[in-house]
Amino acid sequence: MEDARVWEFERSLWTGGPETYEALIDEECLMVLPAQPYVFTAEQAIAAVEDTPRWSEVTFSEEQVVRPQEGLIVLSYRAEAKRSDRSYVAFCTSTIRRLAHDEWRVVQHQQTVPLTAG
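Residues numbered from 1 in each chain as written. Predicted model: local features only at pLDDT ≥ 70, side-chain atom pairs only at ≥ 80, totals over all residues. Heavy atoms only, no water.

**Brief notes about the overall build of the chain**
Part 1 of the argument: Regarding its fold elements, the chain presents three helices and six strands.
Part 2 of the argument: Its helices and strands taken in sequence order, the chain reads α-α-β-β-α-β-β-β-β from the N to the C terminus.
Part 3 of the argument: Against the 2.2 N^0.38 benchmark of 13 Å for 118 residues, the chain shows a C-alpha radius of gyration of 14 Å, consistent with a compact globule.
Part 4 of the argument: If you line up the chain on its principal axes, its C-alpha atoms span 45 × 30 × 25 Å.
Part 5 of the argument: Within the span of the chain, comprising 118 residues, buried residues form 37% of the whole. (Helix = DSSP H or I, 4+ residues; strand = E, 2+ residues; numbered from the N terminus. Rg over C-alpha atoms; globule rule 2.2 N^0.38 Å. Buried < 20%, exposed > 50% of the residue type's maximum accessible area, 1.4 Å probe, protein only.)

**A closer look at the nonpolar core**
Part 1 of the argument: Ranked by internal contacts, the top residues of the largest apolar core, which has 31 residues, are Phe9, Trp14, Tyr21, Ile25, Met31 and Tyr77.
Part 2 of the argument: When contributions to this core are tallied by element, the ones reaching two or more residues are α1 (3–15), α2 (18–24), β1 (25–32), α3 (42–50), β3 (57–69), β4 (72–83), β5 (86–100) and β6 (103–112).
Part 3 of the argument: What Met31 contacts, discounting residues up to four positions off in sequence, is Tyr21, Ile25, Tyr38, Val39, Phe40, Ala45 and His109. (Core = buried A, V, L, I, M, F, W, Y, C linked by side-chain atoms within 4.5 Å. Contact = heavy atoms within 4.5 Å.)

**Here's the deal with α1**
Part 1 of the argument: Relative to the 18 Å expected for 13 residues at 1.5 Å per residue, α1 spans 19 Å between its end C-alpha atoms, a close match to the ideal helical length.
Part 2 of the argument: Taken residue by residue, α1 has Val6, Trp7, Phe9, Glu10, Leu13 and Trp14 as its buried positions. One face of α1 carries all of its buried residues, which in axial projection span an arc of 155°. Among the exposed residues of α1, those oriented more than 90 degrees off its buried face are Ala4 and Glu8. (Expected span 1.5 Å × (residues − 1). Arc of directions from axis to C-beta.)

**A few points about unusual backbone geometry**
Part 1 of the argument: Cis geometry is found at the peptide bond from Gln36 to Pro37, where omega equals 10°.
Part 2 of the argument: Residue placement: Pro37 occurs in the loop between β1 and β2 (39–41).
Part 3 of the argument: In this structure, Glu62 takes a positive phi of about 55° despite not being glycine.
Part 4 of the argument: Relative to the assigned elements, Glu62 resides in strand β3.
Part 5 of the argument: One non-glycine residue, Asp102, lies in the positive phi region at around 60°.

**What about the pattern of salt bridges?**
Here the idea is simple: oppositely charged side chains can pair when their charged atoms come close.
Part 1 of the argument: Tallied over the entire structure, the rule returns seven salt bridges.
Part 2 of the argument: Here Arg98 and Glu70 are joined by a salt bridge, their closest N and O atoms 2.8 Å apart. Of this pair, Arg98 sits in strand β5 while Glu70 sits in the loop between β3 and β4, placing them 28 residues apart in sequence.
Part 3 of the argument: The class for Glu70 is exposed, based on a relative accessible area of 66%. (Salt bridge = Lys/Arg side-chain N within 4 Å of Asp/Glu carboxyl O.)

So, in structure tokens, the structure goes:
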């Protein structure tokens, strides 16, 4: 998958609903998110998306893409997401694996919210 499609794929996970997660999250996926229970299985992540308003827009910066082996893509980036009632910034990683020709699934995703001096 070329870089433009990788970022489109990743963006859809921020703005899409539960049907997007069901289609693109591997059943063996693990996610670390800044909300309880912090470590989510694929099933828990899909359930959480069903109960969470989706982001209306998201921009990525500091993007990096590596391909450590055929059929495996690792992303890192800074995300700035917005919706009517909230803004959010996190540093993220995602690992995507190819299951078949043009069939990709997320097997790992992690978000770190930067600490602010206070």
